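Given next are the chains, with one letter for each unit.
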Amino acid sequence: MALAYSHIVMRHSRQPVNQGRLVKASRKFQGENISCGDQVTLFVKLDSKKKITDVGWEGEGCAISQASTSIFSEMIKGKTLAQAQKITGETLMKKMDTQLSPARVKCATLPVHTLKEATD
Amino acid sequence: MDFAKIKKDFPIFRQARLKKPLVYFDSAATSHKPQSVIDAVVDFYSKTNANTHRAAYELAEQATGKFETVRSLIADWLHIASPDSVIFTKGTTEGINLVAAAWGRNMLKRGDTILLTELEHHANLIPWQLLSREKNLKLEFIPIDDQGRLNLTHLPKLLRGVKLVAFNHVSNALGTINPVQTIVRAARKAGARVLVDGAQAVPHLPVDIGRIDPDFYVFSSHKMLGPSGVGVLYVKPERFEEMTPYQGGGAMISEVHWRHATYQPAPLKFEAGTQPMAQVVGMGAAIEYLQSLGMRQVELHEKQLIRHAYKVFSAIPEVTIYGPKPVDRLGVLTFTVADIHAHDLATLFDEYGICLRAGHHCTQPLHRTLGVTATARFSFYVYNTLKEIDFAAETLKKIIKQWHSPTATS
Ligand SMILES: Cc1ncc(COP(=O)(O)O)c(C=O)c1O
């Protein structure tokens, strides 16, 4: 039997993109799944038109939450913050291409919820 | 007893919708039910259903009889002198909350100390935190050693001024079997009362409450092959005088006036409202089933499983096992795997039909002490086999290999 996680999830889990804190971030967003301890912090750099010109993230937790944050960071680059905040969990889940139980969906959608809750 | 044939008695393993054999390694969370338990519940509703302790017609007397028979059965099974010491609760959690509310609130005073251990389930921690907030009590903890066993070196010192010691007989997180007799004796000598959380002991080994002689002992039916929604609180007869009612309502009263009332003696005094009648009867069937296996045999079977699991899993280099060596533990294997988070493990094992628990297993502070946020846990019971453990070990090796090989994904 093959691994239950998709190729894209495993790729981002092994080689995450945009990982690391942004030194000159315009905004910082922190999120946590209290029940399982997954944590992410998203950093975005915005231009004068509120467009995301750079993204960074730090996190700790399961492969799903970390890979989903990596994938999400790719998705939001180049969008305005408002557009990025409109991305739904389903859209991200579709990109991840992995069947997950409801409890694990929470891991996957952690970055989506994180970006919606400003904690500047 | 042939444990290899036991699975047949449990309908959940025979469901047609299962795509692969169900390998259930989460019995510390809840156990499956044999047909005889399910039948007993169905039978009660089909033949004897009526409210207990309320009416004089024959059906109600039969219902009451069935219900009270289970109380006596429990007393016999666990060597409790009188069935009146057996109080039905919703489960372990409610039993502990009942003691905190009915005994603790009444008997503990500002500045008193409650001694717990670093192995406690949240169920045996939060009720004491709540009470200590309310009454300004102190909480202290018996520490664990590097193998997850209680370190009793300083027990006499820790017991100084302690009014209540509350600890689990067997740890749900690490499987540690605690030296219950030693602690009870030391506590008694220090003048402290004792509550034992037997949620993981009563289902898995012979328990002699008469000999342990605690003040309070609690456990749940759903972890010992019985229905959910019911459990037992044992109370030593002397403690009853120190307890005020827990909940008020029907069945616990004797004479009621508008502004005051008198109460039934124990156990009814602590069983307000309609009880989970069918569940109690189902629990009786679970005890009979366990008696037919023999608790000594159940314990030996689990010992064999844990010895084997410990051996095959510690042979996998990426695996770190937490908790004591098999001699000091029951059928619980708690572990982490290098580079694979416990939650990922649970999902990956699930693909093979293997159910395990990932997380903190209701022991967050203990996991902080262990220095991990999450662990994976296998917990075994009567229906598990050595073969299933071998299958899980082979599966884990496959998962580890695929996890590290960049091409081996779906
Ligand atoms: C040691 C221990 N104590 C208490 C509990 C709580 O039991 P229940 O949820 O049945 O009330 C459990 C099980 O979850 C347990 O393993």
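Residues numbered from 1 in each chain as written. Chains lettered and ligands numbered in written order. Predicted model: local features only at pLDDT ≥ 70, side-chain atom pairs only at ≥ 80, totals over all residues. Heavy atoms only, no water.

Enquirer: What am I meant to see in the overall build of chain A here?
Expert: What chain A contains, in helices and strands, is 6 helices and 3 strands. Start at the N end of chain A and walk to the C end: the helices and strands fall as α-β-β-β-α-α-α-α-α. In summary, chain A has a C-alpha radius of gyration of 14 Å against a globular reference of 14 Å for 120 residues, a match within 12%. Counting only C-alpha atoms, chain A reaches 50 × 25 × 25 Å along its principal axes. A buried classification covers 47% of the 120 residues belonging to chain A. A separation of at least 24 residues holds for 59% of the contacts in chain A among residues at least 6 apart in sequence. Of the roughly 6000 Å² that chain A leaves accessible, carbon and sulfur atoms contribute 50%. The average position of the 18 basic charges and that of the 11 acidic charges among the side chains of chain A differ by 6 Å. (Helix = DSSP H or I, 4+ residues; strand = E, 2+ residues; numbered from the N terminus. Rg over C-alpha atoms; globule rule 2.2 N^0.38 Å. Buried < 20%, exposed > 50% of the residue type's maximum accessible area, 1.4 Å probe, protein only. Contact = heavy atoms within 4.5 Å. Areas by Shrake-Rupley, 256 points an atom, 1.4 Å probe, with all protein chains shown as cover. Lys, Arg positive; Asp, Glu negative; His and termini not counted. Charge placed at Lys NZ, Arg CZ, Asp CG, Glu CD.)

Enquirer: Please clarify how the site of the ligand should be interpreted in this entry.
Expert: All names here are of chain B. In the vicinity of the ligand, the contacting residues are T92, T93, H121, A123, N172, D197, A199, Q200, S220, H222 and K223. Here a nitrogen atom of the ligand and a side-chain polar atom of D197 are 2.5 Å apart. Contact with the protein chains removes 85% of the 390 Å² of surface that the ligand exposes when unbound. Here the residues of the shell around the ligand are counted per class, giving 2 nonpolar, 7 polar and 2 charged. (Near = heavy atom within 4 Å. Polar contact = N/O pair within 3.5 Å; in protein donor to acceptor, adjacent residues only side chain to side chain. Nonpolar A, V, L, I, M, F, W, Y, C, P; charged D, E, K, R; others polar.)

Enquirer: Hey, could you run me through the packing of aromatic side chains in this one?
Expert: Any aromatic ring pair is given by two values, namely how distant the centres are and how the planes are angled relative to each other. All names here are of chain B. Under the counting rule described, the total for this entry stands at 18 aromatic pairs over all chains. Here the aromatic rings of F378 and F380 are separated by 6.4 Å at their centres, their planes lie at 35°, and the arrangement is tilted. The same class applies to F378 and to F380, which are both buried. Three or more aromatic residues joined by ring pairs form one cluster here, namely F25, F313, F335, F349, F378 and F380. The residue whose ring lies beneath K7 is F13, and the NZ or CZ to ring-centre distance is 5.0 Å. (Phe/Tyr/Trp six-rings, centres within 6.5 Å; stacked < 30°, edge-to-face > 60°. Lys NZ or Arg CZ within 6 Å of the ring centre and 35° of its normal.)

Enquirer: Help me understand the sheet that holds strand β15 (residues 375–379) of chain B, please; the structure alone is not making it clear to me.
Expert: What holds strands together in a sheet is hydrogen bonding between their backbones, with the strands either parallel or antiparallel. Residue and element names in this part refer to chain B. One open sheet holds the 4 strands; their spatial order is β11-β12-β15-β14, and the pairing between them is antiparallel. Every other strand in the sheet has two partners, leaving β11 (319–322) and β14 (357–359) as the edge strands with one partner each. This sheet shows a mean twist of 30° between the axes of neighbouring strands, independent of strand direction. Direction of pairing for β14 relative to β15: antiparallel, over a ladder of 3 bridges. Residue A358 lies in a different strand from β15, and its bridge partner there is A376. Against the sheet, helix α10 (residues 295–314) engages β11, β12 (332–337) and β15, with an angle of about 10° to β12. (Pairing = 2+ DSSP bridges. Axes fitted to C-alpha atoms, helices over the stretch in contact; angles between N-to-C directions.)

Enquirer: Looking at this structure, I do not really get the domain arrangement of chain B. What am I missing?
Expert: Many analyses report the size of an interface as the accessible area lost when the parts associate. Residue and element names in this part refer to chain B. If you check the domain split of chain B, you get domain 1 (3–25 + 295–404) and domain 2 (37–292). Between domain 1 and domain 2, the residue contacts involve 33 residues of the former and 30 residues of the latter. Of the roughly 2500 Å² buried between domain 1 and domain 2 on both sides combined, carbon and sulfur atoms contribute 64%. Put simply, domain 1 and domain 2 have 1 salt bridge between them. With its nearest N and O atoms 3.2 Å apart, the salt bridge here joins R149 to D328. Residue assignment for the side of domain 1 that touches domain 2 shows that the elements contributing at least two residues are α10, β12 and α12 (364–370). (Domains from an automatic or database assignment. Buried area = accessible area lost by both parts, 1.4 Å probe. Salt bridge = Lys/Arg side-chain N within 4 Å of Asp/Glu carboxyl O.)

Enquirer: Explain the pairing of strand β2 (residues 38–46) of chain A to me, please; I cannot follow it from the model alone.
Expert: The two faces of the sheet receive side chains in turn, since in a regular strand these alternate between them. Residue and element names in this part refer to chain A. Counting buried residues along β2, 7 of its 9 residues qualify, which places the element largely inside the surrounding structure. Relative to β2, strand β1 (residues 27–33) is paired through 7 bridges, and the arrangement is antiparallel. Residue pairing across strands places R27 opposite V44, the latter belonging to β2. Here β2 pairs with strand β3 (residues 52–60) via 8 bridges, running antiparallel. Bridge assignment links L42 to a residue of β3, and that residue is W57. Adjacent in sequence and paired antiparallel, β2 and β3 are bridged by 5 residues, among which K50 carries a positive phi angle near 65°.

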